Each structure stands twice: as structure tokens, then as C-alpha cells.
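These are the residues of each chain, in order.
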Amino acid sequence: MRLLIVGSLEGHMITAGKIAFEKGAKVATVDDVDQAMASLRTGNGADLLMVDIGLDIDKLCKHLDAERFSVPVIACGIGTQPSKAGDAIRSGAKEYIPLPPDAELIAAVLAAVTEETTSLIYKDPATAAVLKLAEQIAPSDASVLVTGESGTGKEVMSRYLHTKSKRAKKNFISVNCAAIPENLLESELFGHEKGAFTGAISRRIGKFEEANGGTLLLDEISEMHPRLQAKLLRAVQEREIDRVGGNQPIKVDIRLLATSNRDLEEEVKKGNFREDLYFRLNVVTIEMPSLRDRPLDIQILADHFLGKYAESNGVAKPAITPEAMAQLMQHHWRGNVRELENTMHRAVLLSRDNLVGPEAIMLTGSSFAPAAAAQTVVTQAPPSTAAAQAYGGPQTSTQSASPSVGASEVPTDEKLVGRTVADVEKDLILNTLEHCLGNRTHAANILGISIRTLRNKLKLYSEDGTEITSPGNISEHLSPSV
């Protein structure tokens, strides 16, 4: 992964960078926020920013958001600084870590960011056949189209192709074509010159140039507007791009991968996708099988996700009963691996006596019993692991964990009008914590935030004199160590 360190903090940030380098990260350093943005705009790229808490983190996060750089920010300060840490997290930083740096903590942060982006876990012959094809074509520079239903692991397969290619030591750059508005996607892909349009305050290198020498993934390419498809076709054919507002073509050396959950041949027939572009991309097609078509993978993936979420929630890995496994094997899994991952995350939270029984398997369409769930989690909430404390654990599946929890406690419109966002947020957090009988891990998952973020907010509330619900449903002032 690529780590950009912003600031020095009396040399402690450099020490953190050395630790990250020893753990395998590519490390670059700059002095301030302006230099950090300049580095990103010129295509150096970063997967994580570690920023001196004394710098203007609010300004940095606003710039990242305005210029569509999706890079997590970790604030760093000497020792514990609750007030500044709270300000940094409110500004958009994901976490706060104290310095001098602890090697284990730095490793945990790096692991949380890079977690499982290339690991393929399988047992079924259907998956083995797909991997065999992937390994055959990975060393080439041929364009590959990875197709399959949502949640089957198309991006994971794309990263796997990159790691097995001769470009593995170069950049892997991914662009989600469905997540970026059409009028901004062109700039995202090809870059722009200063003044090319309103808001183009400086030259910016696009993803094609950032991926130069490596691999570029166009995720969900079927969502790309036909107008932009024409410009993409030229880039694919000529390996040459033009920045928006530029007048000089730029050569690029990339391997192009694309994914789609639609039938592109059908999209071509409908006139939604250019036929010539389709044939340029479709040198080789890898079709990811649905989870229901590879049933032997269900058990091994379920076990893997149990271990993953037990660690991130700071609990012992539970065993799954034969009855619960039978439920998993019989389910249709229309959401594929992503749905299974969400299900096993819930199962960890709802397990009893270190066992996942049928009552902990909440499948699509099932109701959710919040009181029972909260009581279950309270009985097994030891302290979080270093990885969970450092980065809060994966957040991608928490929103579906309990959509009906606390619904009756949400304020009406009349009660919301005239209140600040911070005030409403405080009530939501405290009510959710009370609902979970003081269990912070379960409350953080319901709220969709990391456990460290929750603890920082609770500490701020406690410092203001607010009583905080502790485990066991006993209200008391939050201790400084929480």
C-alpha cells in the first residue's frame, strides 16, 4: 500500500513511516496540507494519509472531498489529546493514533486498510476452474472483462489478476464508473488542466496517468455514458489520452481491466454500450459464478468471515452449529458473497456461549429481535483487538446489521426542527448505547461507525457532564480510559 505522511511531529511521524516501510508499505512524506494535495494531484497517489494533528485537517478533508480523492485520513498526535482528536474526527479523520508510534498499532492500521483485497478463498470446483483461467491469462497484457452478479467478487478477482501479472509491483488503480457523475468522470479518468472548468484550481493527473506502468480497473463500466465511451475507446486503442482542457496527447502504458454486472452484449443490442468498445475490452472474459453455483465455498467462506468479524469486534471466534450451517447451505444468496459476509458479521454479534446457532443466522427477509440481540452481545464483549482499536474494523456491511433497531426512538420531524446536527447526533448515539445496554461494540455497529469514533464521542459527552450508559445498563461517568 501507498502511505503518505503529512507533517513531522518532532520526528515521530518519520519514525512511524519507517515502521510502515518495514511492514511493506511504500512511504512518501510532505510537510503540509498544500503539499499533500499537490502530491495527490500529480498522480503520486496514496492509499492512506497519516497527518500531524497540528495541521489543518478540516481543510485537508474538504479538499479531498471536493476533488474526489477517496483516501482515509489518520490523525496523529503526541500522546492523548482528546479535544484535538475529537476535532480531527469531526473534520473527517477516520481515527486518531498517539505517538511515539507503537509498531503493533501501525501494523494494525496498515492491515485494516489493505485487508483482504487480493485474497481468494474457495473450495468449490467451479471457483477452481475460474482461478485456473485467471492464472493462465494474468501474465499477459490482454484486456480482461470480469462479469458476474453483484457481490460475486469481481473487484477481488481483478486485484488477483494484477498481483499475478508482470505489473504486480506497479500501481493498481480502480475507478467506480457508477459512483462518479458523468460530467466528472472524464476528468477523473483523463485528468484536467488548470482552469479547464469551474473548480479546476490546478492541474490534476487522471487515473490513466496514475496507473501508468500498472493496471487500471474500470469498475461497473456498463454505467459509463455513451459520449465518454467514445473517448475511452481511443484511449484503449491508442494507449493515448488527452487531459480535459489540454492540447497535447499523453502516452500511457497500462493493462486495462473492466467489470460489469450487466450482460454487455444485451447492452450493445439496446444501444447503451458501444460495440467496438465491447470487443476491445472483451479480449478475455472471466465470469464469476454466483454463490449458489459454488455451494462448497459457502462453508469455508462462512468460517473465514466468522474469524474476521470476531477479531474486529474483539471477541473469541464462535463455532457454527450443524443446524446453522444447514440454513446457510439452503439459502438462495441473491446477494452472493457480500450477503454471506453481512450474515456472518451479524452472526458474530448475535452468537451465544461462543456458538452460532440458527437463532443467530438472520437471512434476507428475516425479522430482527433487537432486545435479544443486545443481550446476547453484552454477554461477550471483551476489549477490542489492536486492529479494531486502530481502524475501527471494516464498516462496509454494518448498515444492514439491524435496520429496525431503535426505529421507535427516532425523533419526529417536529422534534428535529430547530436542533443542531451535533445535538441530534448526540441523542442518537446515547439512545443507541442505552438500547444496547451499554455495549459499545454493538452500538458502534448499529450506528455504522468505528468503536474508536464512538469512544471519542462518548468521552466528549462525558467531559460535558453527560452520564454514559455502561455495560449492564448502569449509568455512570465515562472513565478517562474509555
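Shown above is the structure to which this text applies.
Residues numbered from 1 in each chain as written. Predicted model: local features only at pLDDT ≥ 70, side-chain atom pairs only at ≥ 80, totals over all residues. Heavy atoms only, no water.

An account of the environment of Glu67 is needed here, citing residue identities and associated values.
Of note, Glu67 is situated in the loop between α3 (57-66) and β4 (73-78). With near-sequence residues (within four places) excluded, Glu67 lies in contact with Met37, Arg41, Ile201 and Arg204. (Helix = DSSP H or I, 4+ residues; strand = E, 2+ residues; numbered from the N terminus. Contact = heavy atoms within 4.5 Å.)

Residues and numbers for the pairing of strand β3 (residues 48-52), please.
Most of β3 is tucked away: 5 of the 5 residues are buried. Going residue by residue along β3, you find Leu48, Met50 and Asp52 tucked away on one face and Leu49 and Val51 tucked away on the opposite face as well. With 4 bridges joining them, strand β1 (residues 2-6) and β3 adopt parallel strand pairing. What sits directly across from Ile5, in β3, is Met50. Note that β3 and β4 share 4 bridges and pair parallel. Paired with Val51 across the bridge in β4 is Ala75. (Buried < 20%, exposed > 50% of the residue type's maximum accessible area, 1.4 Å probe, protein only. Pairing = 2+ DSSP bridges.)

So, the pattern of salt bridges: which residues are in play, and what are the values?
This model, assessed by the stated rule, comprises 30 salt bridges. Arg41 is the partner of Glu67 in a salt bridge, and the nearest nitrogen-oxygen pair spans 2.7 Å. With Glu67 in the loop between α3 and β4 and Arg41 in helix α2 (residues 33-41), the pair connects residues that are 26 residues apart, well separated along the chain. For the pair shown, Glu67 and Arg41 are each scored as buried. A salt bridge links Arg227 to Glu182; its shortest N-O distance comes to 2.9 Å. In this pair, Arg227 is assigned in helix α10 (residues 226-238) and Glu182 in helix α8 (residues 182-190), connecting sequence segments 45 residues apart. Assessed through its relative accessible area of 45%, Arg227 is described here as partly exposed. (Salt bridge = Lys/Arg side-chain N within 4 Å of Asp/Glu carboxyl O.)

Could you give me a rundown of the packing of helix α6 (residues 125-137) against helix α7 (residues 154-163), with the residues and numbers involved?
Between α6 and α7, the least distance of the axes is 9 Å, while the angle of their chain directions is 40 degrees. As summarised for this structure, α6 and α7 are arranged oblique, according to the angle between their axes. The handedness of the crossing between α6 and α7 is right-handed. Listed contacts from α7 to Val130, Leu131, Ala134, Glu135 and Ile137 of α6 are Met157, Tyr160 and Leu161. Across the contact of α6 with α7, the residue classes tally to 7 nonpolar, no polar and 1 charged. (Axes fitted to C-alpha atoms, helices over the stretch in contact; angles between N-to-C directions. Parallel < 35°, antiparallel > 145°, perpendicular 65-115°, else oblique. Left-handed = near helix turned anticlockwise from the far one by under 90°. Nonpolar A, V, L, I, M, F, W, Y, C, P; charged D, E, K, R; others polar.)

If you had to explain the environment of Ile221 to someone new, which residues and values would you point to?
Along the chain, Ile221 turns up in the loop between β8 (215-219) and α10. The sequence separation of Ile221 and Val175 amounts to 46 residues, and the corresponding C-alpha distance is 9.2 Å. In this structure Ile221 touches Cys177, Leu232, Ala258, Thr259, Leu264, Phe273 and Leu281, once residues within four positions along its chain are discounted.

Report on α8, specifying residues and quantitative values.
Taken as a whole, α8 has its buried residues at Leu185, Glu186, Ser187, Glu188, Leu189 and Phe190. Buried-residue contacts for α8 involve β7 (172-176), α9 (207-210), β8, α10 and β9 (240-241). After α8 finishes, the residue Gly191 shows a positive phi value of roughly 80 degrees.

Just give me the short version of the nonpolar core, but keep the residues and values in it.
In this structure, Leu189, Phe208, Leu216, Leu218 and Ile221 are the most contacted members of the largest nonpolar core, which totals 31 residues. Of all the elements in the fold, those that place two or more residues in this core are β7, α8, β8, α10, β11 (255-260), α11 (264-270) and α12 (275-281). With 5 residues, the single largest contributor to this core is α10. Sequence-distant contacts of Leu189, defined by excluding residues within four places in its chain, comprise Val175, Gly206, Lys207, Phe208, Leu218, Met224 and Leu228. (Core = buried A, V, L, I, M, F, W, Y, C linked by side-chain atoms within 4.5 Å.)

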